[in-house]
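Structure at a glance
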Amino acid sequence: MAASLAAAWAQQRPAARMSEMERAVEEFKIQTRNLGIRPDSPRRNGNGGPAGTWHGRVFEYFRNDFLDAVPHEIRQRGGDKSLLRRNQFGFNVAGPVVIPRLFHGGRNTYFSLSYEGVRERISRTYLRTIPTQLERTGDYSEIVDSAGQPLAIFDPASTRVNPAFDPTQPVSIDNLQYVRSEFPGRQIPKSRLDPVAQAALALYPQPNAAVGPFFRNNYFINSPETNRANGMIGKLDHTLAERQRLTLELAFSDGFLGSAHWFPTRANPGPSDRDFETRRGSLEHVLTASPQTVNTATFGVSSSLSRNAIEGSSEPGAAFPVYQLSPYLSMGRAWPVSKSAHHSYAWTNALSHKRGKHGLRFVAQYVRSQVNAYWPQYPSGSYRFSSGLTSLPGIINTGHPFSSFLLGMAEYAESSIVPRPSYFRRSSRHIGFRDHYDARKGVSLSYGFSLDNGTPRVEKYDRQSTVDLQAINPVNGRKGALVAAARNGQGRTFQPSLWRLSPHASLAWNPMGSAKSVVRASYGRSYSAIPVYSAQWGTQGFIGYPTVLSPNVQLAPAVLLARGMPAPARTLPDLRPEAANDTVADLIDSSERLPTYQSASLTLERELPGSLLVSIGAAYSGGKNLLVSNSAANPNAIPLDALQFRDKLNDEEFNRSLRPYPQYKGFDVYSSYPFGRYQRDAAFLRVEKRASKGLSFSAYYEFGKQWDDYSGPYGKQDYYRRELEWALTPGQDPHRLQFSYVYELPLGVNKPFLAVSDWRRYLVEGWSVSGTAILQSGNPIYLRPQFNNTGGVVQALNVNVVPGVDPAVGDPGPSLWFNPAAFDQPPDFTVGNASRSHPSLRNPGNQNWDMTLNKRIALAPDRTLELSAAGFNFINHADWTDPDNLIGPRSAPNVNAGKIIGSRGGRVIQLGLRFSF
Amino acid sequence: MKDRSRKDAKTPRDVKKAVGVYLVGLCLAGIGSAASVKIPAWAGDQTVAAKDFRASLDGAPLRVLSVRGPKDDLMLLVALDLTGDLALVEPAKEALIAEVEKLPARSYAGLLRAQDGLAVVSDPTADRAATSEGIRSLPVSGKAGLLDTVEGAARIGDAILAKAAVRVALLYVTDSDIHNYREDFTNPVINSSDSHDLSRRFPEGLVQDKITKLEGRLAGMQTPLFIVHLAYRGDRLNEAYQNGLKRLSETTGGSSAFCRSMADIPASIHTVLETIQAHYSVSVELPKKTRRALQIHLSLAGGEGNGLHYRPRLTLSEQAFRKE
């Protein structure tokens, strides 16, 4: 200390003869030398040790149901608790790497290490419908249809041809092709109840709610799940000789999601427990070759593993079979035991160079992706039950799927035989170029392109297959036969390797040279590759889907539960061209179509006095060849003009004869068929106020409309006339308002009020309030007819519009949100004339208000303790659930249509404590 | 005294030592004289004589020791914190060079780089060619460093202010992105399987914490801080960061500009340099006993409402306060 004083004094003395500016320069040199930040400074070895230079934090976030409001959906069911126990904790530490006596990273070598752990038990709630106690015994005397009328259940064993049937007239209650007798007293005799079904029912819970109407919505699930997670992120940053830098990042996370039990038995239809593991690593090298040239090379590896398991067993065959009993909650679950691992390796090199008015950037990237999947969907079989077998054949609103289940008569059955995992691989290449051109004062232009190539998916052992729509099937001589990869002249893949050029351009213009106003315009076109999915889709023949179809879903079952699935006729692999016949066969699209996107936008930004920034703009985006799933693409669909054959369509053989590829029941295109289109138009306004007097906020409003021809919960009515499917997209709220704010209370030292600097500052200083709110109008309503009597030709039937009746109601509310009288069930074997989604009716909107109150306590200049209390949905707002969208026929209307049965949501409080140093 | 100074040390030992030397220097220089503070002020388009400045604290007049105005010496410390897009950086460098070359001969410009820690690029000089060459040759590399270096840079400025009768201003030209700091202010998701995580619903917490700490320390410094940010970003974390930068500069009596287009860059740099050049450094003597948090009122002879704009609040550092 004495030496320093002497040095300082010595340095001061000559300064007396200097000019003031020379004195200032000299002081600059002294200060920067002492800090060791001059090129000629003595080399520092960081003998100060890490304690004074490391920064970090330790934190805990705590949630417990005693802090929260009881969610509305629970309170409405009479509950008073939603279990929640949650602790989220961790730390972060960062600073120079120090190895005592050996190495001090100083400014060159820096690390950061973060850990976070989560321990949680949290409730899940659902409201579903299950059979009544009487119904389980075969007693339908109290069961009514959705209009409240007694539901007629017919005995399939009494089916007989009606000699009076007039084949020139449609089937109707007055002209039945087949007649059946109702079960006497609407009671299925005990002797007829299937023993397998009865055994399964012992695992089905009892109703515990009576929300209605009638016997519907009678099972309320409020079940906890246990979750835990541990993860770390570590970073190491090292600067080599000023112009080169290496950054290494490693991360891992292990998680467990113990799914809530919908049933307390092994027939639980809820999801399986899941384990997650993620690993990630990257190494980045930045070379600053010159002030105008920077090159960044990155190599990254990532890996994620997901495992589903059923309680007590990792054997798929130990799972309970799936019984699909719609409209009742099903039993058993799909994919009870499965495993998938994703790995990707990416190398990227980006070179930036500034030359004159051009800022150039070149990017090259290579990515290799691997997916290893073991994904049996129904290892113990899946059985689907419909009302047809207990109906009066051809007459809607008769029979019930659950009564067919009681009789053990499934209309469709399938099981999955998966002897081994699949190992999928694909790679992609990307070359990109961009020039940022400063054209002239006030105008800058950015343009470029990317050239992308994606190789199609291969399987490591060539265990891939698809239906080749050009190959001849030996069974019927029609086009469409199974082909396997790398066999019989077939390549290892089924899709072409494609290159696509994607241009993009943007413009920023300051009108009239004013830097306070900016007009921005942009346009871009891009393609996306078809990803490698987790499922073992496209491996049929190596894995098996034995399928049993009913010859007529109204007359004969596919299988009897008591007999179970028949044993497979052949062992795997079965790669015969006809091996996929009579199944919903996997179909890999082999065309050159790739999902294609276009977007354009125009924005005007203006900076206003008072630190206000206002942006207003409009945007367009659209796409074609978007990847869609089976509900939106069916190359084996029957054209709608076949509806003229009416009840004849229920005959499976006749029905399939009308399909383009009659040897198949259908095609499974997974979510990989490039067949969708969409368009979105939006206008927006954004206002931002930068921090001023401690307050900053931003508000964003958007009005947008999006249409497409593929999305929705039910699917398409007409697969061939896509233009008729063009309708508003579900889940897209036209109006969206979001705002957020941060307010540092003006209290304490260096603030306008209560500028106390004694002990009171600990109470007064460091208060802040932050909040966000989102308000959204409702998304388009999808209406659905209650019955679909189209002989399996139409998968997703639209409703009919009743002319002259206004679908809107004056004061929409839970008792009536829309007017169901404006819609009707289409007559048998006709399609609905309404669009997939309604053009003007919207589901209820929703809003969310979050706020946090923080108090920082400065324990020392570098140490603070922060307490926070965050309220999520802090005003405890309840959002209404969507109205009942089922439209019944005039003869038996759904009395609940248009009504809302409840609301959801509730305030959640989280307390936080963070010590930072 | 010894213990207090140790408590107040902020960063590495190096800084502590330098600050210690600086404080001792201040003490030695200040022996026998009353404590004073320097307040940056602007008088709009009018030319103001030193004698026209009036100062008061809680209604009691304070003695104005000295006033240095636009025609007096200026020590401009320019810290470049450039790590991002070359397309923005090069125009910024050119604009800065053009503005530095326009500075009056009595203005000296020193050059620092802030990325990966503070480092001197060139000493303060009136040799514009040397400064320009330093700006041109500075590589665009490393990690953003403004938050890590601004306190140290401001301390250098304060040391100069204490030692020499010149005006001092600190200018940061940065394109920093909050995601590009070595220290983690973004709180990235660590456990992607944790779907009920609400702790990141307000992700600005860490940025605000850092800004608040820095604000507290800069409140005790007298060098006005100016920031030109080259790349305004609209995401939530960067909004919080940019708002924080604005707070930091305003705390010291300086100002900030955020560029939203290429055309904004030269305009913003020009405006900020003009502001710096136009500032007055008003040295005011403090009473023997005073509070730590000060709200000094400045006015011009002739009364209120004459366009005077100045730093409204100032906090005496712990040492300076104790000295009182």
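Calculation notes
- Residues numbered from 1 in each chain as written.
- Chains lettered and ligands numbered in written order.
- Predicted model: local features only at pLDDT ≥ 70, side-chain atom pairs only at ≥ 80, totals over all residues.
- Helix = DSSP H or I, 4+ residues; strand = E, 2+ residues; numbered from the N terminus.
- Buried ≥ 20, exposed ≤ 12 C-beta atoms within 10 Å, placed from the backbone.
- Contact = placed C-beta atoms within 7 Å.
- Nonpolar A, V, L, I, M, F, W, Y, C, P; charged D, E, K, R; others polar.
- Pairing = 2+ DSSP bridges.
- Axes fitted to C-alpha atoms, helices over the stretch in contact; angles between N-to-C directions.
- Expected span 1.5 Å × (residues − 1).
- Core = buried A, V, L, I, M, F, W, Y, C linked by C-beta atoms within 7 Å.
- Parallel < 35°, antiparallel > 145°, perpendicular 65-115°, else oblique.
- pLDDT = per-residue confidence, 0-100.
- Left-handed = near helix turned anticlockwise from the far one by under 90°.

**A few points about the overall build of chain B**
- Along its length, chain B carries nine helices and 15 strands.
- Counting only residues that meet the buried cut, chain B has 60% of its 324 residues in that class.
- Restricting the contact set of chain B to residue pairs at least 6 apart, pairs at least 24 apart contribute 79%.

**Comments concerning the overall build of chain A**
- Looking only at helices and strands, one finds eight helices and 44 strands in chain A.
- Seen along its three principal axes, the alpha-carbon backbone of chain A occupies a region of about 125 × 70 × 60 Å.
- Of all intrachain contacts in chain A linking residues separated by at least 6 positions in sequence, the fraction that spans at least 24 positions is 72%.

**Let's talk about the interface of chain B and chain A**
- Contacts between the two partners involve 87 residues from chain B, matched on the other side by 96 residues from chain A.
- The element best represented in the side of chain B that touches chain A is helix H2 (residues 13-30) of chain B, accounting for 11 residues.
- Residue classes in the side of chain B that touches chain A are distributed as 35 nonpolar, 20 polar and 32 charged.

**Looking at the sheet that holds strand S7 (residues 119-125) of chain B**
All names here are of chain B.
- Spatially, the six strands line up as an open sheet ordered S7-S6-S5-S8-S9-S10, and their pairing is mixed. At either end of the open sheet lies a strand with only one pairing partner, and these are S7 and strand S10 (256-258). Ignoring strand direction, the axes of neighbouring strands in this sheet form an average angle of 15°.
- In this structure, strand S6 (residues 107-113) lies alongside S7, joined through four bridges in antiparallel fashion. Counterpart to Ala-109 in the pairing with S7 is Thr-125.
- Along the sheet, helix H8 (residues 264-277) makes contact with strand S5 (74-81), strand S8 (167-174), strand S9 (225-229) and S10, crossing S9 at roughly 175°.

**Comments concerning the pairing of strand S35 (residues 767-776) of chain A**
All names here are of chain A.
- Note that strand S34 (residues 735-744) and S35 share nine bridges and pair antiparallel. What sits directly across from Tyr-741, in S35, is Gly-771.
- Taken together, the 10 bridges between S35 and strand S39 (residues 846-860) define a ladder with antiparallel strand orientation. The partner of Trp-767 across the bridge, within S39, is Lys-855.

**Regarding the sheet that holds strand S12 (residues 322-324) of chain A**
Residue and element names in this part refer to chain A.
- Taken together, four strands build an open sheet; the order of strands is S12-S15-S17-S25 and the sheet is mixed. A single partner strand is all that each edge strand has here, and the edge strands are S12 and strand S25 (547-549). Across this sheet, the average inter-strand angle for adjacent strands is 10°, counted without regard to direction.
- As paired strands, strand S17 (residues 412-414) and S25 are joined by three bridges and run antiparallel to one another. For Ala-413, the partnering residue across the bridge sits in S25 and is Val-548.

**Let's talk about unusual backbone geometry**
Residues and elements named next belong to chain A.
- In this model, Ser-326 is joined to Pro-327 through a cis peptide bond whose omega is 15°.
- Tracing the backbone through its elements, the reader meets Pro-327 in the loop between S12 and strand S13 (338-355).
- Of note, the phi angle at Leu-754 is positive, near 50°, even though the residue is not glycine.
- Among the structural elements, Leu-754 can be located in the loop between S34 and helix H8 (761-764).
- A count of 16 C-beta atoms within 10 Å places Leu-754 in the partly exposed class.

**Examining H8 of chain B**
All names here are of chain B.
- Look at H8: 20 Å from first C-alpha to last across 14 residues, which is about the 20 Å you get at 1.5 Å a residue.
- Within the sequence span of H8, burial applies to Asp-264, Ile-265, Ala-267, Ser-268, Ile-269, Val-272, Leu-273 and Ile-276.
- Residues of H8 that are buried make contact with S5, helix H3 (86-101), S8, S9 and S10.

**With respect to the nonpolar core**
- With 111 residues, the main nonpolar core has Leu-76, Leu-77, Val-78, Leu-112, Ile-160 and Leu-171 of chain B as its most contacted residues.
- In terms of residues, this core owes the most to one element, helix H5 (residues 146-163) of chain B, which gives nine residues.
- Setting aside residues no more than four positions away along its own chain, Leu-171 of chain B makes contact with Leu-76, Leu-77, Val-78, Phe-226, Val-272 and Ile-276 of chain B.
- With 57 residues, the next largest nonpolar core counts Ala-267, Met-331, Phe-385 and Val-418 of chain A among its residues.

**What to know about the packing of helix H6 (residues 205-218) of chain B against helix H7 (residues 236-251) of chain B**
All names here are of chain B.
- As a packed pair, H6 and H7 sit with axes 10 Å apart at the nearest point and diverge in direction by 5°. By the angle between their directions, the pair H6 and H7 is classed as roughly parallel. Residues Val-207, Gln-208, Ile-211, Leu-214, Glu-215 and Leu-218 of H6 lie in contact with H7, whose contacting residues are Leu-237, Ala-240, Tyr-241, Gly-244, Arg-247, Leu-248 and Thr-251.
- Grouping the amino acids of the contact of H6 with H7 by side-chain chemistry returns eight nonpolar, three polar and two charged.

**Quick word on the environment of Ala-41 of chain B**
All names here are of chain B.
- Mapped onto the secondary structure, Ala-41 falls in strand S1 (residues 36-42).
- Residue class for Ala-41 comes out buried when judged on the 23 C-beta atoms lying within 10 Å of it.
- Excluding anything up to four places from it in sequence, Ala-41 contacts His-279, Tyr-280, Val-282, Leu-298, Leu-308, His-309 and Tyr-310.

**Let's talk about the environment of Asp-174 of chain A**
Residues and elements named next belong to chain A.
- Here Asp-174 is to be found in the loop between strand S6 (154-161) and strand S7 (178-182).
- We classify Asp-174 as exposed; it has 8 C-beta atoms within 10 Å.
- For the pair Asp-174 and Ala-164, spaced 10 residues apart in sequence, the C-alpha to C-alpha distance is 9.8 Å.

**A closer look at the pairing of strand S44 (residues 908-916) of chain A**
All names here are of chain A.
- Across the two faces of S44 the burial differs, with Val-908, Gln-910, Gly-912, Arg-914 and Ser-916 buried and Ile-909, Leu-911, Leu-913 and Phe-915 not buried at all.
- Note that strand S1 (residues 55-64) and S44 share six bridges and pair antiparallel. Each residue of the ladder has a partner; that of Phe-62, found in S44, is Leu-911.
- As paired elements, strand S40 (residues 863-872) and S44 share nine bridges and run antiparallel to each other. Looking at the pairing, Leu-865 lines up with Phe-915 of S44.

**Quick look at the confidence of the model for chain A**
- Mean pLDDT over chain A stands at 92; residues scoring 70 or higher make up 97%.
- This model gives residues 45-52 of chain A a pLDDT under 50, and the stretch forms 13 contacts once residues within four places in sequence are excluded.

**Re the packing of H3 of chain B against H8 of chain B**
All names here are of chain B.
- For the pair H3 and H8, interaxial distance at closest approach is 9 Å and the crossing angle is 35°. In the packing of H3 onto H8, the handedness of the crossing is right-handed. Contacts between H3 and H8 pair Leu-88, Pro-91, Ala-92, Ala-95, Leu-96 and Glu-99 from the former with Ile-265, Pro-266, Ile-269, His-270 and Leu-273 from the latter.
- Of the residues assigned to the contact of H3 with H8, the class counts are nine nonpolar, one polar and one charged.

**A few points about the environment of Gly-394 of chain A**
Residue and element names in this part refer to chain A.
- Within the fold, Gly-394 resides in the loop between strand S15 (382-384) and helix H6 (401-406).
- Sequence separation between Gly-394 and Val-628 is 234 residues, and the spatial gap between their C-alpha atoms is 32 Å.
- With residues up to four places along the chain from it excluded, the contact list for Gly-394 reads Val-171, Leu-176, Gln-177, Gln-554 and Asp-647.

**Quick look at helix H2 (residues 20-35) of chain A**
All names here are of chain A.
- Given a rise of 1.5 Å per residue, 16 residues ought to cover 22 Å, and the 22 Å separating the end C-alpha atoms of H2 matches this to within 8%.
- Taken across its 16 residues, H2 has 12 buried, putting it largely inside the fold.
- For H2, the complete set of buried residues consists of Met-21, Arg-23, Ala-24, Val-25, Glu-26, Glu-27, Phe-28, Ile-30, Gln-31, Thr-32, Asn-34 and Leu-35.
- After H2 finishes, the residue Gly-36 shows a positive phi value of roughly 70°.

**A few points about the confidence of the model for chain B**
Residues and elements named next belong to chain B.
- Taken residue by residue, chain B gives an average pLDDT of 85. The fraction at 70 or more is 86%.
- Per-element confidence in chain B is highest for S9, whose mean pLDDT is 98, and lowest for helix H1 (residues 2-8), whose mean pLDDT is 38.
- Residue range residues 1-12 is modelled with pLDDT below 50. Its contacts to residues more than four positions away, or to other chains, number 20 contacts.
- Confidence metrics for the complex model read pTM 0.89 and ipTM 0.89.

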